[in-house]
Amino acid sequence: MANLKSLAKDTAIYGLSSIVGRFLNYLLVPLYTIKMPAAEGEYGVITNVYAYVALLLVILTYGMETTFFRYANKQGENAEKVYGTTLWSVGVTSVLFVILVMTFLQPISDLLQYHDHPEYIACMFTCVAIDAFQCIPFAYLRFQKRPIKFAALKLLFIFMNIALNCIYYIGMGGKDAGTAFYINLICTSVITFFFWKELKGLWYGFDRNLLKRMLSYSWPILILGIAGVLNQSADKMLFPYLYKGVDMKEQLAVYGAVFKIAMIMAMITQAFRFAYEPIVFSKAQDRDSKEYYAVAMKYFIIFTLLAFLAVVGYMNLIRNLIGSDYWTGLYVVPIVMAAEIMMGIYFNLSFWYKLIDKTIWGAIFSGIGCAVLLAVNFIFVPRYGYVACAWGGFAGYATAMVLSYIVGQRENPIQYPLRDIGVYVAVAVLLFLCMDEVNRTLPACGAIVINTLLLLAFVALVVKRDFPLENLPVIGKRFRRQ
């Protein structure tokens, strides 16, 4: 229970920074979508470039975050030496990447269809190299269980980013996408200076033999990560090549905007991951570890389903986060959110192979899931546009999730409470269908009232089955007296 309380506390802190940060970043979405009309496609440029950034971030960290946690907690390894080696490795590869990009900037820009704007590529690819390097000090903060500094730096970046964007797009009346990239680079660079204490880890030294062992562990995670990010970003990268309609830029802009709304699931899974990953590796030798993983999985699913229903139920309010000419794509939000839930479940399932050092399984599962996503995109995007992108992500994550569960139960079985999970999923699906019908048939105010009642019904079910009020502090005393 102590570990679950620690998980809850750290998840709250990481989650606060993640959710508040993402919410604040959402303020940029209405700003961009108002200043950049869908028909002009400028927001599509932002969507497309950031898709490449997401992929490059995974490549440039090449699984070293997870590998750092594994080796820093491994018996016989020096945690400081592990940190120093990781910092040097990612730092050197990041610098080499920037040199390579600058050397071949124009050919790379031509390949990505930014012939007239190579500066976009130079700016954001430099930014992602700095981000990759920062991932290791951020991981070190998590290892040291210092969520306050972690959250403070994440929020500082966001506040600076929002302030500079507001100055340009509101104060100066700007409209182009390129300035958003320059602002990102400035803010990312500034954050690096706040790691002056953590960067002292470079003095911990570099161990070539240790790095070889770490890379043997991390390369399957890299494959897993590439496949995972392709499940999220490949559709946005491939869309300009697959969809040849005259409204290509508009469709990509609309899809990018509504995809942002669905990312509340990414907030929750990311917050859970930041808190969960260090605890899992440190708890690996405990007798009750499997029971802990099973309970954590159930609560993760409960809260993601609750978030899913909240977004669907209040869609008439949430849609105002984007410009009204982007609302045509809102119907794909539930599809993308469902895919994100399955991605979170897949992440939780993934620890069985990480803890027994068989990360090759992750590469296999994610690779197959990615192949499914790509197949759906190549076959259906030319005809159906961005709705095929949404279903492609759903199919890819579903495939990886199911495969990981089946093989995991054979290799390292964990008794997940499937019956309880099944009840929550079934109820959530039923409530979703009701909410969707209400949203389509009732005025906005009436829909919000009805959907609030439906959401409270789900909360009541959770309280009755898994959070009995008599067990809660303060409130529980009154119920026990009764």
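If you're wondering where the values come from, they're calculated on a predicted model, not measured in any experiment.

Colleague: Is there a simple way to explain the overall build of the chain in this structure?
Modeller: In terms of regular secondary structure, the chain is built from 21 helices and zero strands. Counting all 482 residues of the chain, 54% fall into the buried class. In the chain, of all internal contacts separated by at least 6 residues, the share reaching a separation of at least 24 is 81%. As presented, the chain carries roughly 21,500 Å² of accessible surface, and 68% of it is formed by carbon and sulfur atoms.

Colleague: Would you explain a nonpolar patch on the surface in this entry?
Modeller: A contiguous nonpolar patch, built from Trp88, Val92, Val95, Leu96, Ile99 and Phe206 and spanning about 570 Å² of accessible area, is present on the exposed surface. By the secondary structure assignment, Val92 is in helix α5 (residues 79-103). Exposure remark for Val92: the relative accessible area of 42% places this residue in the partly exposed category.

Colleague: Explanation requested: the side chain of Thr33 in the structure shown.
Modeller: Relative to the helices and strands, Thr33 is located in helix α2 (residues 28-35). By relative accessible area, Thr33 is classed as buried at 2%. Polar side-chain contacts of Thr33 include one of 2.9 Å to the backbone nitrogen of Gly323. What Thr33 contacts, discounting residues up to four positions off in sequence, is Ala257, Ile322, Gly323, Asp325 and Tyr326.

Colleague: Could you clarify how one ought to interpret the confidence of the model for the chain in this entry?
Modeller: Detailed reading of the predicted model is not advised wherever pLDDT is low. Averaged over every residue, the pLDDT of the chain is 84; the share at 70 or more is 87%. When mean pLDDT is taken per element in the chain, helix α19 (residues 418-441) scores highest with 94 and helix α21 (residues 475-481) scores lowest with 48.

Colleague: What is the right way to look at the nonpolar core in this model?
Modeller: As a rule of thumb, soluble globular proteins bury nonpolar side chains together. Core analysis: the biggest nonpolar cluster contains 148 residues, and Tyr43, Leu309 and Val333 have the highest contact counts within it. Per-element tally for this core: the top contributor is helix α7 (residues 118-143), with 16 residues. Not counting the four nearest positions on each side in its chain, Val333 is found in contact with Val258, Ile261, Ala262, Val311 and Met315.

Colleague: What am I meant to see in the packing of α7 against helix α8 (residues 147-171) here?
Modeller: A packed helix pair is summarised by two numbers, namely the angle formed by the two axes and the spacing between the axes. It is the contact of α7 with α8, at a shortest axis distance of 8 Å, that shows an interaxial angle of 145 degrees. Facing α7, whose interface residues are Phe138, Leu141 and Arg142, α8 presents Lys149, Phe150, Leu153 and Lys154. Taken together, the residues that form the contact of α7 with α8 break down as four nonpolar, no polar and three charged.

Reading guide: rules and limits
Residues numbered from 1 in each chain as written. Predicted model: local features only at pLDDT ≥ 70, side-chain atom pairs only at ≥ 80, totals over all residues. Heavy atoms only, no water. Helix = DSSP H or I, 4+ residues; strand = E, 2+ residues; numbered from the N terminus. Buried < 20%, exposed > 50% of the residue type's maximum accessible area, 1.4 Å probe, protein only. Contact = heavy atoms within 4.5 Å. Areas by Shrake-Rupley, 256 points an atom, 1.4 Å probe, with all protein chains shown as cover. Patch = residues over 30% accessible without salt bridge, like charges linked within 9 Å, V, L, I, M, F, W, Y side chains within 5 Å. Salt bridge = Lys/Arg side-chain N within 4 Å of Asp/Glu carboxyl O. Polar contact = N/O pair within 3.5 Å; in protein donor to acceptor, adjacent residues only side chain to side chain. pLDDT = per-residue confidence, 0-100. Core = buried A, V, L, I, M, F, W, Y, C linked by side-chain atoms within 4.5 Å. Axes fitted to C-alpha atoms, helices over the stretch in contact; angles between N-to-C directions. Nonpolar A, V, L, I, M, F, W, Y, C, P; charged D, E, K, R; others polar.

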